[in-house]
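The chain contents come next:
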Amino acid sequence: PVPRCAPPDAVVWPQAVGQVQELAALCSRSRVPMVPFGTGTGLEGGVNAVQGGVCFDLSRMDAITELSLEDFSVAVEPGVTRKALNNYLRDTGLWFPVDPGADASLCGMAATGASGTNAVRYGTMRPNVLNLRVVLPDGRLLHTAGPGRHPRWALGTMGTAGRHPRESRSPAPCRKRAAGYDLTSLFVGSEGTLGFLTQATLRLHPLPEATAVTIATFPSVRAAVSCTVQVLQAAVPVARIGGCQGWGDQWEQDAAPGWIWAAGAAAGPLLAPSQGSWPLAEELVRLNSGCGQGWAQEPEERGRLWAMRHNAWYAALALRPGCQGYSTDVCVPISRLPDVVVATKRDLQDCGLTGQHWGGLGGGLVPPPLQPLTRSPSGPMVGHVGDGNFHCILVFDTQDAAEAQRVRAFAQRLGRRALAAGGTCTGEHGVGLGKRDLLREELGQEGLDTLRRIKSALDPHNLMNPGKVL
């Protein structure tokens, strides 16, 4: 399941969209494969040059080209990461909340359809991308929502009063449109197989006026999921919900998971002040036989809790020094989450994969009582309870062919288990190299053929990131 390294024949570092166009046209005429590269944080082998060719490293295109505070939008090039953007926005009252954990390229996040711990409130990349500037495989330039045509005000007519010093005057995209096919959504999640994403216009959100984090424990996975559904139904302004499960040798008893929540209210009339929502959340925890541990409000304390979630990958790798990790990425309806998680834990034990027992049921997971990982008979799990997405982190010895085969077989079984539950084989990591068979089972032959016809129309010579997705 871990893709082998497949280096390209050459690497280029374009610094402007015109250079990307020239290089793409040259490769197209010479029938040379092309592989886009942002920061290399993807988990499905998307940047492997399996047929050689030229790698386009776009990290030097790192400009934030447009910012409109009034329109809640910003345009970024591929070298801009999510942390760099939020640092740039730090004194504007806005932020970009999609957080996959890694400090990934924002255009790369669009290419893979990424999401992360805030998806329960802010959604995935797909609804947060307003426009894309794409260099097609033959070098032509496409703006998926149309290029800017009319400035919002004529130069010199407004002056600078009331404008943020970094705010540009470039035209911003509409908040909604019903004109033609949704080309933006077509390229979000295309994983570099249809063109180079050389600029993304993103939707920004107001910073919450207050945020707090709490941890609660429950007697079972079902109780924890039930509480989560009730919290969402009660419109508690929750940005992230997560959990962990200390199953160890008691996985049969569906042992107690711990949950970590982040609740916050954005500045605006649609959400009650977050402090007012805390008693309701605490009452729902009690009604589901849970036990809360108070609220962390200071940034340092909140950051400490979530840092453990974001470092879960490295903590898992530390369980077996010298080994590699592979993360699964299924997503199922929330109502099916307990059954799928329990069946997955049983499968992990039966196939002899080792690691630390975590139950991945939320947007951030911390093992109670916030202790270091310890070994037990299955792999760590992390995920997002608000949208049913969870990950098994499988740490294994790549030199052990039998263990590698067990990991590969487990990942296929888990993908099919998710499909049988009405879910998907990938909630946010993408298809890449390893999930192509599962994609066929998920979409059906007609769905896959439709994707191939789209690919053939835009890339008739199969030069863009060949061997991925299809």
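Here is what the cut-offs are and how they apply
- Residues numbered from 1 in each chain as written.
- Predicted model: local features only at pLDDT ≥ 70, side-chain atom pairs only at ≥ 80, totals over all residues.
- Heavy atoms only, no water.
- Helix = DSSP H or I, 4+ residues; strand = E, 2+ residues; numbered from the N terminus.
- Buried < 20%, exposed > 50% of the residue type's maximum accessible area, 1.4 Å probe, protein only.
- Contact = heavy atoms within 4.5 Å.
- Areas by Shrake-Rupley, 256 points an atom, 1.4 Å probe, with all protein chains shown as cover.
- Expected span 1.5 Å × (residues − 1).
- Polar contact = N/O pair within 3.5 Å; in protein donor to acceptor, adjacent residues only side chain to side chain.
- Pairing = 2+ DSSP bridges.
- Axes fitted to C-alpha atoms, helices over the stretch in contact; angles between N-to-C directions.
- Salt bridge = Lys/Arg side-chain N within 4 Å of Asp/Glu carboxyl O.
- Phe/Tyr/Trp six-rings, centres within 6.5 Å; stacked < 30°, edge-to-face > 60°.
- Parallel < 35°, antiparallel > 145°, perpendicular 65-115°, else oblique.
- Left-handed = near helix turned anticlockwise from the far one by under 90°.
- Nonpolar A, V, L, I, M, F, W, Y, C, P; charged D, E, K, R; others polar.
- Core = buried A, V, L, I, M, F, W, Y, C linked by side-chain atoms within 4.5 Å.

A closer look at the overall build of the protein chain
Each helix and strand counted, the protein chain has 13 helices and 18 strands in total. Out of the 470 residues in the protein chain, the part that is buried amounts to 53%. For the protein chain, the proportion of contacts with a sequence separation of at least 24, taken over those separated by at least 6, is 71%. Within the structure as shown, the protein chain displays about 19800 Å² of accessible surface, and the carbon and sulfur contribution to it stands at 54%.

Concerning helix 12 (residues 401–420)
For helix 12, spanning 20 residues, the distance from its first C-alpha to its last is 29 Å, which sits close to the expected 28 Å at 1.5 Å a residue. Of the surrounding secondary structure, the elements contacted by the buried residues of helix 12 are strand 15 (324–327), strand 16 (330–331), helix 11 (337–350), strand 18 (389–396) and helix 13 (436–458). One side-chain oxygen of the residue at the start of helix 12 lies 3.1 Å from the amide nitrogen of Ala-402, identifying that residue as Asp-400. Just past helix 12, the residue Gly-422 takes up positive phi, approximately 85°.

What about helix 11?
Counted at 1.5 Å a residue, the expected span for helix 11 with its 14 residues is 20 Å, and the 20 Å between its end C-alpha atoms agrees. Contacts from the buried residues of helix 11 go to helix 7 (221–233), strand 17 (381–384), strand 18 and helix 12. Of the residues trailing helix 11, Gly-352 is marked for its positive phi of about 80°.

A few points about the sheet that holds strand 8 (residues 141–143)
Within the open sheet, the five strands sit side by side as 4-5-9-7-8. Their pairing is antiparallel. At either end of the open sheet lies a strand with only one pairing partner, and these are strand 4 (64–68) and strand 8. Ignoring which end each strand starts from, the neighbouring axes of this sheet average 10° apart. The strands touched by helix 1 (residues 17–30) within the sheet are strand 7 (129–135), strand 8 and strand 9 (196–203), with strand 7 carrying the most contacts at an inclination of about 50°.

Looking at the pattern of salt bridges
In total, this model carries 13 salt bridges according to the counting rule given. The partner of Arg-320 in a salt bridge is Glu-403, and the shortest N-O contact between them spans 2.6 Å. Linking Arg-320 in the loop between helix 10 (312–317) and strand 15 with Glu-403 in helix 12, this pair joins segments that are 83 residues apart in sequence. This pair shows no difference in class: Arg-320 is buried, exactly as Glu-403 is. Between Asp-347 and Arg-417 there is a salt bridge whose closest N-O contact spans 2.8 Å. In this pair, Asp-347 is assigned in helix 11 and Arg-417 in helix 12, connecting sequence segments 70 residues apart. Pair check on accessibility: Asp-347 and Arg-417 agree, each one buried. Within this structure, Asp-347, Arg-413 and Arg-417 form a network of salt bridges that share partners.

Considerations on the pairing of strand 5 (residues 73–76)
Burial along strand 5 is two-sided: the residues Ser-73 and Ala-75 and Val-74 and Val-76 are all buried. With four bridges joining them, strand 4 and strand 5 adopt antiparallel strand pairing. Bridge pairing in strand 5 links Leu-67 to Val-74. The hairpin formed by strand 4 and strand 5 contains four residues between the paired strands, and Phe-72 there has a positive phi angle of roughly 55°.

Focus on the packing of aromatic side chains
If you walk through the whole model with that rule in mind, you get two aromatic pairs. On the basis of an interplanar angle of 35° and a centroid distance of 4.4 Å, the ring pair of Phe-56 and Phe-196 is categorised as tilted. Of this pair, Phe-56 sits in strand 3 (residues 54–57) while Phe-196 sits in strand 9, and the two are 140 residues apart along the sequence.

As for the packing of helix 12 against helix 13
Running from N to C, helix 12 and helix 13 cross one another at 15°; their axes reach a closest spacing of 10 Å. Taken as axis vectors, helix 12 and helix 13 run roughly parallel relative to one another. Here helix 12 and helix 13 pass one another in a crossing that is right-handed. From helix 12, Ala-411, Gln-412, Gly-415, Arg-416 and Leu-419 reach across to helix 13, where they touch Leu-438, Glu-441 and Glu-442. Of the residues in the contact of helix 12 with helix 13, the class split is three nonpolar, two polar and three charged.

Re the nonpolar core
Ranked by internal contacts, the top residues of the largest apolar core, which has 35 residues, are Phe-218, Leu-337, Leu-353, Phe-390, Cys-392, Leu-394 and Phe-410. Contributing elements (two or more residues each) for this core: helix 7, strand 12 (238–245), helix 8 (274–287), helix 11, strand 18 and helix 12. If you look at the next biggest cluster of nonpolar residues, it comprises 30 residues, including Leu-89, Ala-114, Leu-132 and Leu-136.

Observations concerning the packing of helix 11 against helix 12
Two elements in contact, helix 11 and helix 12, have axes whose closest approach is 11 Å; the angle formed by their N-to-C orientations is 160°. Between helix 11 and helix 12, the angle is such that the two are roughly antiparallel. Crossing of helix 11 against helix 12: the hand is right-handed. Counting all contacts with helix 11, which are made through Val-340, Ala-343, Thr-344, Asp-347 and Leu-348, the residues of helix 12 involved are Phe-410, Arg-413, Leu-414 and Arg-417.

Here we look at the side chain of Thr-424
Tracing the backbone through its elements, the reader meets Thr-424 in the loop between helix 12 and helix 13. For Thr-424, the side chain forms a polar contact with the side chain of Glu-442, separated by 2.8 Å.

Thoughts on the sheet that holds strand 1 (residues 10–12)
The three strands are arranged 1-3-2 in an open sheet whose pairing can be described as parallel. With partners counted over all chains shown, the strands left at the sheet margins are strand 1 and strand 2 (34–37), one partner each. With direction set aside, neighbouring strand axes in the sheet form an average angle of 25°. In this sheet, strand 3 lies alongside strand 2 in parallel orientation, the contact comprising four bridges. Note that in strand 3 the partner of Phe-37 across the bridge is Asp-57. Across the face of the sheet, helix 1 comes into contact with strand 1, strand 2 and strand 3 while running at roughly 170° to strand 3.

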